[in-house]
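Listed below are the residues making up each chain.
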Amino acid sequence: PEPVPGPQVSAETLEKIQAYLTQELVAKVSTVVEVTNEPGPGVLRMDTAVTGVELKTEGMQVYEVVPVAAVFGGVKALTGTRDRDVQVFLEVKFSDSQSGEVIGAAIRKIEGRQLKGMKDELELEDMQESLDTATDDAQREISRGMAKK
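Along each chain, residues carry numbers from 1 onward, in the same order as the chain's sequence is written. Totals for whole chains, interfaces and linings use all residues, but because this is a predicted model, local features are given only for residues with pLDDT of at least 70 and pairs of side-chain atoms are given and counted only at 80 or more. Side-chain numbers here rest on the full set of heavy atoms in the structure, without hydrogens or water.

Draft legend 1. How the structure looks around the overall build of the protein chain. The helix and strand tally for the protein chain stands at three helices and three strands. Here a helix means four or more residues in a row that DSSP labels H or I, a strand means two or more in a row labelled E, and each is numbered from the N terminus. When the helices and strands of the protein chain are read in sequence order from the N terminus, they spell out α-β-α-β-β-α. Partly exposed residues are those whose accessible area sits between 20% and 50% of the maximum for their type, while under 20% is buried and over 50% is exposed, using a 1.4 Å probe and protein chains only. Out of the 149 residues in the protein chain, the part that is buried amounts to 32%. Counting every atom, the protein chain has about 9500 Å² of accessible surface; 55% of that belongs to carbon and sulfur. Here, Shrake-Rupley sampling with a 1.4 Å probe gives the accessible areas, and only protein chains in the shown set may cover a residue.

Here's what the structure looks like:
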């Protein structure tokens, strides 16, 4: 499934996140195995997708349990100025380039930088650090898998 653009998440930003994810995965995975666009024996096809984006109003903080702070926190939520937590869902699938048989797949939820209220828009830069961590993890897992061979 594809994520649906909305007021705080443009289609352009979703495309940039997808392109960055693919670019970083190819760059990092190619340090472990050969990466090619041509199908052949022993060649895996890698498909990546951004399958969802969730923006949730930041939860109450411990200090907001105090009645006065709780009122201020509630007002911020009602006026749309309370920070928004960002979660992006990624999917990576590896399949045999000739038969199409799925060899492995992973789904991962990553969190980006918080948006400042309802008017702030998600940008690639808000997700880059988390995307870098996710692609580093993928590289490490593929290295482990190759070492077991």
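Still more ground to cover, so stick around.
Draft legend 2. Up close: the pattern of salt bridges. Think of a salt bridge as a Lys or Arg side-chain nitrogen and an Asp or Glu carboxyl oxygen that are within 4 Å of each other. Overall, the coordinates contain eight salt bridges when judged by the stated rule. Across the pair R113 and D126 runs a salt bridge, and its minimum N-O distance is 3.8 Å. Note that R113 is positioned in the loop between strand 3 (102-111) and helix 3 (128-147) and D126 in the loop between strand 3 and helix 3, a separation of 13 residues in sequence. Residue R144 pairs with E141 through a salt bridge whose shortest N-O separation is 2.5 Å. Residue R144 and its partner E141 are both found in helix 3; the two are separated by three residues, about one turn of the helix. Here the salt bridges share partners, and the residues they tie into one network are E24, K28 and D136.

Draft legend 3. The nonpolar core, seen in detail. The biggest cluster of nonpolar side chains holds 22 residues, and the ones touching the most others in it are L90, M127 and L131. Elements with a minimum of two residues in this core: helix 1 (11-29), strand 1 (44-57), strand 2 (84-96) and helix 3. Element by element, the count of residues in this core is highest for helix 1, at six residues. What M127 contacts, discounting residues up to four positions off in sequence, is I17, V86, V88, I110, E111, G112 and L122. Within this scheme, the nonpolar core is defined by two criteria: the residues are buried Ala, Val, Leu, Ile, Met, Phe, Trp, Tyr or Cys, and they are joined through side-chain atoms within 4.5 Å. A contact between two residues is defined here by any heavy atoms of the two lying within 4.5 Å.

Draft legend 4. Quick look at helix 1. Its 19 residues place the ends of helix 1 27 Å apart at the C-alpha level, agreeing with the 27 Å of an ideal helix rising 1.5 Å per residue. Of all the positions in helix 1, only T13, L14, I17, Y20, L21, E24, L25, K28 and V29 are classed as buried. Mapping the buried residues of helix 1 onto a view down its axis gives an arc of 140 degrees, with all of them on the same face. Within helix 1, the exposed residues directed more than 90 degrees away from the buried face are E15 and Q23. An expected span of 1.5 Å times one less than the residue number is assigned to each helix. As used here, the arc is the angular range of directions from the helix axis to the C-beta atoms.

Draft legend 5. Structural context of the layout of surface pockets. Points on a 1 Å grid over protein atoms alone make up a cavity when a 1.4 Å probe fits among them but cannot get out, and a pocket when they form an open set with protein on both sides within 12 Å along at least five of seven lines; lining residues each have an atom within 4 Å of a point. Grid points are joined across faces, edges and corners, and a volume is the space filled by probe spheres set on the points. Put simply, the largest pocket is a space of about 1200 Å³. Every residue lining the largest pocket is counted, 37 residues in all, and those nearest its centre are V29, L44, M46, F94 and I142. It is helix 3 that provides the largest number of residues to the lining of the largest pocket, a total of eight residues. The class makeup of the residues in the lining of the largest pocket is 21 nonpolar, eight polar and eight charged. The calculated volume of the second largest pocket comes to roughly 180 Å³. Where the lining of the second largest pocket is concerned, the elements lending two or more residues are helix 1 and strand 1. For this classification, Asp, Glu, Lys and Arg are treated as charged, while Ala, Val, Leu, Ile, Met, Phe, Trp, Tyr, Cys and Pro are nonpolar and the rest, including Gly, are polar.

Draft legend 6. Here's a closer look at the environment of G52. With respect to the helices and strands, the residue G52 is situated in strand 1. You can call G52 buried: its relative accessible area is 11%. Sequence spacing of G52 and L14 is 38 residues, and the spatial spacing of their C-alpha atoms is 9.5 Å.

Draft legend 7. Up close: the pairing of strand 3. A pair of strands is treated as paired once DSSP finds two or more bridges between them. Direction of pairing for strand 2 relative to strand 3: antiparallel, over a ladder of nine bridges. Within strand 3, the residue paired with F94 across the bridge is G104. Here strand 2 folds back onto strand 3 in antiparallel fashion, the turn holding five residues, of which G100 has a positive phi close to 85 degrees.

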